[in-house]
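# Overview (structure and organization)
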Amino acid sequence: MAHVLGIDIGGSGVKAAPVDTNTGQLIAERQKLDTPYPATPDAVTAVVADLVKSCRWSGMAGITFPGVVIGGAIRTAANLDSSWIGTNGVEAFSQATGLNVTLLNDADAAGVAEMKFGAGKGERGTVLMLTLGTGIGSALFIDGILVPNTEFGHVEIHGKDAEKRASEHAREAEDLHWGVWAERLDEYLLHMEALLSPDLIIIGGGVSRKADKFIPRLHDLHARLVPASLQNEAGIVGAAMAADSA
Ligand code: BGC
């Protein structure tokens with residue numbers, strides 16, 4: 001039985017909890033702090049170190065990052081401070097926390113958890129997980145294998161990044177009615193279907209809790225479309241799983 005601390009860094013909050021990676025269950029209450037602004041490396045690593053302390057953790061930790069992460073290095077940071085770009089993320093978080101850490105993209109982590117314990121369990125073929133939050137994150141699976149760092153939230157629709165129009169943040173910031181937002185999401189999903197022809201699309205992020213407000217308003221796709229089942233915990237669970245298998 002492996003118990004690993006999962007930490008999920010998002011555009012608005014940073015969440016942490018120890019996870020039993022065999023069951024995907026949190027084994028203690030989730031702790032949450034606001035994402036600092038500006039979200040510079042020093043500020044974000046300090047918040048992560050605080051969470052590690054309040055969880056009284058000294059073992060392995062998996063951390064998600066809302067950007068491209070290759071071999072521990074940060075390549076993009078669309079919704080955090082741009083001074084992250086080019087830094088060695090693993091080194092920064094290890095130094096701040098004193099722990100042995102594994103770092104991966106946030107949507108990839110959420111997808112890995114959904115494929116093992118949630119809405120993607122046992123699914124083969126092409127599965128696309130989209131997380132709708134501050135941005136839009138994507139995780140692509142082919143027969144259960146992750147293609148990491150896909151970044152489909154930055155596909156352009158009407159000359160704009162899809163995430164600027166169809167994320168949960170866009171819905172809230174522009175105070176969009178569910179119908180208007182669902183139309184934008186619809187356009188995006190049709191576009192993704194045209195590009196990838198997935199068998200299954202899983203919609204994650206906090207808004208997946210309100211799936212009844214928008215899923216019935218979407219056009220039929222060839223792909224099956226389902227809300228994520230781990231919802232806000234998927235990132236934490238996936239981060240812990242990644243550290244466990246690193
Ligand atoms: C980032 C992705 C991230 C997504 C969700 C996007 O802006 O580029 O890496 O997965 O937001 O946080």
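Above: the structure in question.
What counts, and at which threshold
- Residues numbered from 1 in each chain as written.
- Predicted model: local features only at pLDDT ≥ 70, side-chain atom pairs only at ≥ 80, totals over all residues.
- Heavy atoms only, no water.
- Near = heavy atom within 4 Å.
- Polar contact = N/O pair within 3.5 Å; in protein donor to acceptor, adjacent residues only side chain to side chain.
- Areas by Shrake-Rupley, 256 points an atom, 1.4 Å probe, with all protein chains shown as cover.
- 1 Å grid on protein atoms, 1.4 Å probe; cavity = no way out; pocket = protein on both sides within 12 Å on 5 of 7 lines; lining within 4 Å.
- Sits in = over half its atoms within 2 Å of the grid points.
- Helix = DSSP H or I, 4+ residues; strand = E, 2+ residues; numbered from the N terminus.
- Nonpolar A, V, L, I, M, F, W, Y, C, P; charged D, E, K, R; others polar.
- Contact = heavy atoms within 4.5 Å.
- Buried < 20%, exposed > 50% of the residue type's maximum accessible area, 1.4 Å probe, protein only.
- Lys, Arg positive; Asp, Glu negative; His and termini not counted.
- Salt bridge = Lys/Arg side-chain N within 4 Å of Asp/Glu carboxyl O.
- Points joined across faces, edges and corners; volume = space filled by probe spheres on them.
- Domains from an automatic or database assignment.

With that settled, consider the site of the ligand. Taken together, the residues surrounding the ligand are P66, G67, A78, N79, N105, D106, A107, I136, G137, E151, H154 and E163. Take E163: an N or O atom from its side chain is 2.8 Å from an oxygen atom of the ligand. Taking 310 Å² as the accessible area of the ligand by itself, protein coverage stands at 94%. Because more than half of its atoms lie within 2 Å of the grid, the ligand is assigned to the largest pocket. Those elements giving two or more residues to the shell around the ligand turn out to be helix 3 (106-117) and strand 10 (136-142). Residue composition of the shell around the ligand, by class: four nonpolar, five polar and three charged.

This part is about unusual backbone geometry. Backbone torsion omega between Y37 and P38 reads -5°, so that peptide bond is classified as cis. Of note, D143 is a non-glycine position whose phi angle comes to about 45°, a positive value. Position of D143 among the secondary structure elements: in the loop between strand 10 and strand 11 (145-147). The phi dihedral of D175 is positive, around 50°, even though this residue is not glycine.

Okay, the environment of I9 next. By the element assignment, I9 lies in strand 1 (residues 3-9). Apart from residues lying up to four places away in sequence, I9 is in contact with V14, V44, V48, I63, T64, P66, L80, F93 and D106.

For the rest of this paragraph, the subject is the side chain of S167. Looking at the element boundaries, S167 is found in the loop between helix 4 (162-166) and helix 5 (168-173). Aside from chain neighbours lying at most four places away, what touches S167 is G133, T134, G135, I136, A162 and W181.

Following the sequence through the fold, E193 ends up in helix 6 (residues 178-196). Buried within the structure, E193 lacks any salt-bridge partner; its nearest side chain of opposite charge belongs to R224, at an N-O separation of 10 Å. In this view, E193 contacts P198, L221, H222 and A223; residues no more than four positions away in its chain are not counted.

Here the largest pocket defines a volume of roughly 890 Å³. At the level of secondary structure, the elements contributing two or more residues to the lining of the largest pocket comprise strand 1, strand 2 (13-20), helix 3, strand 9 (126-132), strand 10, helix 5 and helix 8 (234-245). Element by element, the count of residues in the lining of the largest pocket is highest for helix 3, at four residues. Partitioned by chemical class, the residues of the lining of the largest pocket number twelve nonpolar, 23 polar and 13 charged. When we break the lining of the largest pocket down by domain, the ones giving at least three residues each are domain 1 (3-108 + 234-245) and domain 2 (122-230).

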